[in-house]
Amino acid sequence: MLDWINNNAELINSVNLDANPTVVIKEHLMPPLRNASDPSFANVFDAVSGLIDAVYLNLDHPKTIDLLTLAISTYLLSKRLLMQLYALLASWAQDNNDDQEYTGNFEAFQALLVEFSTTLDEWSTKFTDGIARLKADRLACISDVTFYDHRHTECYDAGARSVCKTVGPTGYKFDDSRGQGYSQDNHEWTTGCCNKHHMTSSEPEVRAARDKHVAEVTQQLEAQYQANLQVHGLWMSSLAKVAALMPPKQPLPDNVPTVSGFDASKLPPTAFKDASDVRYRVSYANSCGPSLPSIFSEWVPIESGAPVLTVPVDPLQAATTRIVHRQVRKDGQPQQPTLAFRITDNTTTSFTDHAA
C-alpha cells in the first residue's frame, strides 16, 4: 500500500506540466488510479483485503486497525481522485460546448459513483464489523463470576489420636486474560460450643466489581477506536460530496419549469406589476457551479395570486440546488430575466413564486 502511494507521488512529480492537460490526465494519471482497485495488481486493494482478515485484525495485532483505516481511506481516495479527474474533464468539455466529450466523461463518472457507493457500503460494513469483533473479543477475555473452593484437609497427631480439620477459603472471582481480574473470599466463621458454621457470600461484591470492570473496559474500547470511527464517519459523509464533484449538465428541452396554476391566497412577485405574461427557466447547480440554463417555458397569462410551479429535478442527480429565473412580458415586450428563487435540494417539485 505504501509502495502504491510512493509510486503515484513519483508519477505526479514526473508529469510534464507543459503537455496537453487532457492527455496528461487520460494517459498518465487515470491508469494508476484505476489499477488501485484492480485485484490483478499488487496494490491498495490487496492491502485492504488482507488486513480485514481475522488472522491480522485481532487483539494480538492492535495496530492493524490503524493500517486498515489508512488502507481503506487510500482505496476510497483513489476512486475519488479518478472521479475528480472525470469531473474536471467534463467541466472543460462543458466550457468548450463539447457535448459528446461531456457526456462520455459524465457517464464514466456516474458509473464510478455507483461503484464508489457500493464499495463504500461494502467496506464500511466490513470495517465496523471488524471493530465490533475486536470489542467483543476483548470483552470475552473477561470471564463470568465463578465459585472457587480452596479448602483442604489438614491432619495432625493429638496424643493417642489423629485430628483432622478443613482449612482454606471459598469465594468468588472473575478473570481477565488481558487485564486485572478480581477475587474475594467468602466471610466464614463459627460460633458457640458446637462451632456452628456461618458464611456471608462474596458473590454480590464480586459481581458488582465485574460489572464495573466491564464498564471501564467498554469505555476504554470506545476511546481506543474513536479516531478510527471518526474517519469512518468521514467516509460515509463523502458520498454526497463526491456526487457534487461533477458539474451539472444543462437541462434537456423538456426539463423546464411549468406553471400548474395560481394560488390566490398569496401575493404575486413585485415583477408582475404591469406585466401580462410570465415564463420560467431552470439551471442545475452544485459546488462546481450552475449549468447552462434550460430553454424558457411557454408564456403563461398572469392571473390573480402567485403562480404555482412544477420544477423538474436533475435526472442525473448531479444537482444539489436548482436556480429558477422568471421573465415577464409588458406591453408585448419581454423584460430582462430575473432570479425567481432557489430550491436547495434535488427532490422538491412544487414551488410557489410569491412575494417575499
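Notes on the structure in this doc start here. Predicted model, so just to flag it, every value in this text is computed and none were measured.

### Some remarks on the pattern of salt bridges
For the coordinates displayed, the defined rule picks out 13 salt bridges. For Lys-126, the salt bridge identified is with Glu-122, shortest N-O distance 3.2 Å. In this pair, Lys-126 and Glu-122 both sit in helix H5 (residues 99-140), 4 residues apart, roughly one turn of the helix. For Lys-126, a relative accessible area of 33% corresponds to the partly exposed category. Several salt bridges share partner residues, and in doing so they unite Asp-144, Glu-203 and Arg-207 into one network.

### Quick look at the sheet that holds strand E1 (residues 146-149)
Ordered in space as E1-E4-E5, the 3 strands form an open sheet in which the pairing is antiparallel. Since the sheet does not close on itself, it has two edges, and those belong to E1 and strand E5 (182-185), each with one partner. Sheet twist, expressed as the mean angle between neighbouring strand axes with direction ignored, is 25 degrees. Here E1 pairs with strand E4 (residues 170-174) via 4 bridges, running antiparallel.

### Thoughts on the pairing of strand E7 (residues 196-200)
For a regular strand, side chains alternate in direction, first toward one face of the sheet and then toward the other. Note that strand E6 (residues 187-191) and E7 share 5 bridges and pair antiparallel. The residue bridging His-187 from the neighbouring strand is Thr-200, located in E7. Connecting E6 to the antiparallel partner E7 that follows it, the hairpin turn spans 4 residues, and Gly-192 within it adopts a positive phi of roughly 80 degrees.

### Concerning the state of the cysteines
Inspection of every chain in the model, using the stated rule, returns 1 disulfide. Residue pairing for Cys-155: its cysteine sulfur links by disulfide to Cys-164, the two sulfurs lying 1.8 Å apart. Negative torsions about the S-S bond denote left-handed disulfides, and the value of about 110 degrees found for Cys-155 with Cys-164 makes this one right-handed.

About the criteria used
- All chains use their own residue numbering, which begins from 1 and follows the written sequence.
- In keeping with the model being predicted, local features are shown solely for residues with a pLDDT of at least 70 and side-chain atom pairs are shown and tallied solely at 80 or more, while totals for entire chains, interfaces and linings include all residues.
- Heavy atoms from the whole structure form the basis of all side-chain values; hydrogens and water molecules are not counted.
- By definition here, a salt bridge exists when the distance from a side-chain nitrogen of Lys or Arg to a carboxyl oxygen of Asp or Glu is within 4 Å.
- Strands are runs of DSSP state E lasting at least two residues, helices are runs of H or I lasting at least four, and both sets are numbered from the N terminus onward.
- Using a 1.4 Å probe on the protein chains alone, a residue whose accessible area is under 20% of its type maximum counts as buried, one over 50% counts as exposed, and one in between counts as partly exposed.
- Pairing between two strands is assigned when DSSP locates at least 2 bridges connecting them.
- Axis definition: a line fitted to C-alpha atoms, limited for helices to the stretch in contact. Angles are taken between N-to-C directions and run from 0 to 180 degrees.
- Cysteine sulfur atoms that pair up within 2.5 Å are treated as a disulfide.

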